[in-house]
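Chain residues, written in single-letter form:
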Amino acid sequence: MNNNNITMIQAKDVYFYYKALTEDSENVEAINGVNLQVKKGEFLVLLGRNGSGKSTLCRLFNALLKPKMGTVVVNGFDTLNEDNTWLIRKDVGMVFQNPDNQIVGNVVEEDVAFGPENLGVPPAEIRKRVDQSLKTVGMSEYAELAPHRLSGGQKQKVAIAGILAMEPECIILDEATSMLDPWGRKEVLDVLLELNKKEGITVIHVTHHMEEACLADRVAVVDDGRIIKEGSPAEIFSDVEGIKGMGLDVPQVTEVFYKLNQKGYRFPTDILTVEDALKVIKEQLAVKRIGN
Amino acid sequence: MAIEINNLSHIYNKETVMEKTAVHDITLTIQDGEKVGIIGHTGSGKSTLVQHLNGLLKPHSGSVTVNGIDTKSKEIKELRKIVGMVFQYPEHQLFEETVYKDIAFGLKKQYEFTQEEMDVRIRAAALAMSISDELMEKSPFELSGGQKRRVAIAGVLVTDPRILVLDEPTAGLDPRGRDELFQSLEEINRTKNTTIIIVSHSMEEVAGFANRILVMNKGTVAMDTTPDKAFEDVDLLESMGLSAPQVTYMARAISGVIKDFPTRIHTVEAMVKELMKVVKHP
Ligand SMILES: Nc1ncnc2c1ncn2[C@@H]1O[C@H](COP(=O)(O)OP(=O)(O)OP(=O)(O)O)[C@@H](O)[C@H]1O
Ligand SMILES: Nc1ncnc2c1ncn2[C@@H]1O[C@H](COP(=O)(O)OP(=O)(O)O)[C@@H](O)[C@H]1O
Ligand SMILES: [Mg+2]
Ligand SMILES: [Mg+2]
């Protein structure tokens with residue numbers, strides 16, 4: 001599906017602070033002038049160091065928080081207008097950093113049904129969606145268990161299933177894969193990519209794993225409440241020093257070629273994956289053969 | 001002095017329909033000053049195993065002895081002084097009014113220190129986790145996810161235990177935070193000979209730090225080896241739900257086009273070195 005030029009989320013000059021808890025402490029300025037357009041059907045990754053404002057931005061995107069200045073418009077609805085909150089939450093589903101803040105049901109399948117129930121989805125349809133989403137995240141066999149008996153990664157998968165069952169147009173994952181093992185992460189990422197490519201679901205994914213960022217259409221780097229860099233994964237990661245200077249990292253493969261280039265080689269700077277690497281190595285070999 | 005685990009088994013919900021053997025017949029010894037990485041897929045029994053080290057869980061059969069103390073004995077207080085534990089969800093351990101007081105909490109409970117001595121230790125632990133002075137006066141509820149995790153780790157570092165156990169401490173840390181944590185652990189181990197046991201999903205992450213790797217699979221220790229050896233059989237690792245570093249996969253791909261290219265590469269530095277041998281310098 002190609003929705004390429006329609007806006008899903010538009011943030012304009014957004015400022016946000018958390019109110020001080022006591023009179024003698026200061027407000028916490030978390031977002032300091034963000035402008036960002038997220039297009040429908042886009043897969044956007046947010047990177048940034050701890051405390052840079054990623055989670056705050058996500059909460060502003062689904063109207064959990066309201067800007068103190070500027071506007072956030074979701075699918076045409078301004079988050080500042082209370083009447084829109086419901087419509088926005090229906091369009092934008094969010095999976096939180098800590099699954100314990102999200103899980104409400106006493107049984108896994110109840111928990112997954114909670115979202116669609118609130119949306120007024122008919123019971124038969126709910127049943128179908130619950131079964132399907134648990135299957136999608138590979139948690140069907142846990143449907144009747146109590147969520148508190150699950151491991152951290154399994155809870156995250158249930159939280160993701162709960163959002164899938166609501167069938168939102170846009171899914172925000174705030175470090176929702178942080179406790180999964182490598183295969184669990186890959187499974188979830190594959191699901192998201194498929195929803196994104198086949199059904200045009202917009203995905204906003206916050207992660208500290210650089211290989212996950214390479215799967216995005218676009219990466220935005222958040223620092224001190226601002227978006228300080230934006231571009232394709234290749235554009236972002238080709239600036240190895242800049243990225244490391246921000247407390248972030250690049251994929252190992254990118255670093256290998258960066259180090260070779262420092263030693264005088266002239267490899268491209270936008271090599272992100274094993275496939276990319278193999279391609280340039282093959283090209284090198286071809287040149288060598290002709291040269292000989 | 002050491003950790004001795006003999007024929008340890010642990011079963012959750014024993015004698016119910018939900019019965020689950022989480023750890024089965026594990027026997028191993030960990031010496032003072034070792035740096036051990038415990039890796040394994042979700043549910044392989046890592047957390048269950050390490051929670052036996054400070055007596056939080058008790059063996060259903062077998063025994064765990066730490067510096068001569070049987071974890072089933074009454075000396076739990078002494079045991080908890082020796083074994084400092086950062087849990088998988090350390091955020092749940094935060095409850096004081098300020099970050100400073102939260103880090104101080106463990107000290108107050110266990111030791112008799114002067115105010116100044118405490119302050120020095122608290123600031124050192126905060127520094128090790130890059131917690132700024134500004135953050136120290138905030139409420140833990142005002143922190144981001146990664147900041148909370150830093151505070152929780154500092155709260156255990158401050159007690160200066162002989163044995164430090166960290167259960168997936170890097171989830172939620174940004175890349176620099178991850179590097180700094182490992183640097184701090186390295187330093188603590190080098191200067192104080194503290195035993196460090198770190199649980200992780202990621203082989204890549206612990207391989208550079210640990211001198212011994214325990215790979216857990218389905219409640220047992222499937223491999224007890226060095227980082228180098230652990231990477232030798234990538235297929236075996238994968239069959240246990242783990243994966244190798246990206247450069248290892250890169251080495252495998254290259255060996256398909258360059259004859260005899262080594263496939264046992266697991267660091268960026270090693271890959272750079274090998275490539276320089278085969279790719280013509282400009
Ligand atoms: N509930 C809150 N009350 C007050 N301040 C907060 C609250 N939540 C976050 N902050 C502050 O707002 C800033 C941005 O935090 P945010 O949670 O958005 O960061 P983040 O980029 O998601 O970090 P992480 O990678 O650690 O999850 C930080 O300075 C943080 O301390
Ligand atoms: N409190 C508990 N009650 C019941 N089963 C549990 C509990 N904690 C863990 N388990 C089960 O024990 C096994 C091992 O879990 P755990 O030690 O948490 O693994 P890991 O830390 O390697 O992810 C899993 O099958 C898990 O579901
Ligand atoms: Mg966050
Ligand atoms: Mg665990």
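Residues numbered from 1 in each chain as written. Chains lettered and ligands numbered in written order. Predicted model: local features only at pLDDT ≥ 70, side-chain atom pairs only at ≥ 80, totals over all residues. Heavy atoms only, no water.

**Comments concerning the domain arrangement of chain A**
Residues and elements named next belong to chain A. Here is the rule: Residue ranges assigned to each domain were obtained from an automatic or database domain assignment. Throughout, a residue-residue contact means that at least one pair of heavy atoms, one from each residue, lies within 4.5 Å. By definition, the buried area sums, over both parts, the 1.4 Å-probe accessible area that each loses when the two are put together. Criterion for a salt bridge: a side-chain nitrogen of Lys or Arg within 4 Å of a carboxyl oxygen of Asp or Glu. Counted as a polar contact is a pair of N or O atoms within 3.5 Å, where, for protein atoms, one must be capable of donating a hydrogen and the other of accepting one, and residues adjacent in sequence contribute only when both atoms are in side chains. Helix numbers and strand numbers start at the N terminus; a helix is a DSSP run of H or I with at least 4 residues, a strand a run of E with at least 2. By the convention adopted, Pro, Cys, Tyr, Trp, Phe, Met, Ile, Leu, Val and Ala count as nonpolar, Lys, Arg, Asp and Glu as charged, and the other residues, Gly among them, as polar.
For chain A, the assigned domains are domain 1 (7–250) and domain 2 (251–292). Averaged C-alpha coordinates put domain 1 and domain 2 at centres separated by 35 Å. Taken together, the contact between domain 1 and domain 2 spans twelve residues of the former and nine residues of the latter. Carbon and sulfur atoms make up 68% of the area that domain 1 and domain 2 hide from each other, which totals about 840 Å². Summed over the shared surface of domain 1 and domain 2, the result is one salt bridge. Seen at the junction of domain 1 and domain 2, the total is two residue pairs in polar contact (both at pLDDT 80 or more). Secondary structure elements with two or more residues in the side of domain 1 that touches domain 2: α7 (210–213), α8 (233–237) and α9 (240–245). A breakdown of the residues in the side of domain 1 that touches domain 2 according to their chemical character gives seven nonpolar, one polar and four charged.

**Topic: the site of ligand 2**
Which entries qualify depends on this criterion: If even one non-hydrogen atom of a residue comes within 4 Å of a molecule or strand, that residue is called near it.
Lys20, Gly43, Lys46, Ser47 and Thr48 of chain B are the nearest of the 13 residues found near ligand 2. Near ligand 2, the surrounding residues belong to chains A and B. Contacts to ligand 2 include glycine 43 of chain B, whose backbone N or O atom sits 2.7 Å from an oxygen atom. Backbone polar atom of lysine 46 of chain B to an oxygen atom of ligand 2: 2.9 Å apart, as the coordinates give it.

**A few points about the site of ligand 1**
Rules: Per-residue and other accessible areas were derived by the Shrake-Rupley procedure at a 1.4 Å probe size, with only the shown protein chains allowed to occlude residues.
Around ligand 1, 21 residues are found, and the nearest of them are Lys54, Ser55 and Thr56 of chain A together with Ser144 and Gly146 of chain B. Site remark: ligand 1 is flanked by residues from chains A and B. Glycine 146 of chain B places a main-chain nitrogen or oxygen 2.8 Å from an oxygen atom of ligand 1. Protein burial of ligand 1: of its 640 Å² of free accessible surface, 90% is covered by the chains. Looking at the shell around ligand 1, the elements that each hand over two or more residues are β2 (28–39) and α1 (54–61) of chain A together with α6 (145–157) of chain B. Here the shell around ligand 1 is built from residues that sort into five nonpolar, twelve polar and four charged.

**Some remarks on the sheet that holds strand β8 (residues 202–206) of chain A**
Residues and elements named next belong to chain A. Quick reminder of the rule: By the convention used here, strands pair only if DSSP detects at least 2 bridges between them. Think of each axis as a best-fit line through the C-alpha atoms, taken over the contacting stretch in the case of a helix, with angles from 0 to 180 degrees between the N-to-C directions.
Strand order in this open sheet of six strands is β6-β7-β8-β3-β9-β10, and the pairing throughout is mixed. With partners counted over all chains shown, the strands left at the sheet margins are β6 (92–95) and β10 (226–231), one partner each. Geometrically, the sheet is characterised by an average inter-axis angle of 20° between neighbouring strands, direction not taken into account. Here four bridges tie strand β3 (residues 43–47) to strand β9 (residues 218–223), and the two strands are oriented parallel to one another. Within the sheet, the bridge partner assigned to leucine 47 lies in β9 and is valine 221. Taken strand by strand, helix α5 (residues 152–164) contacts β6 and β7 (170–174), and its axis lies near 175° from that of β6.

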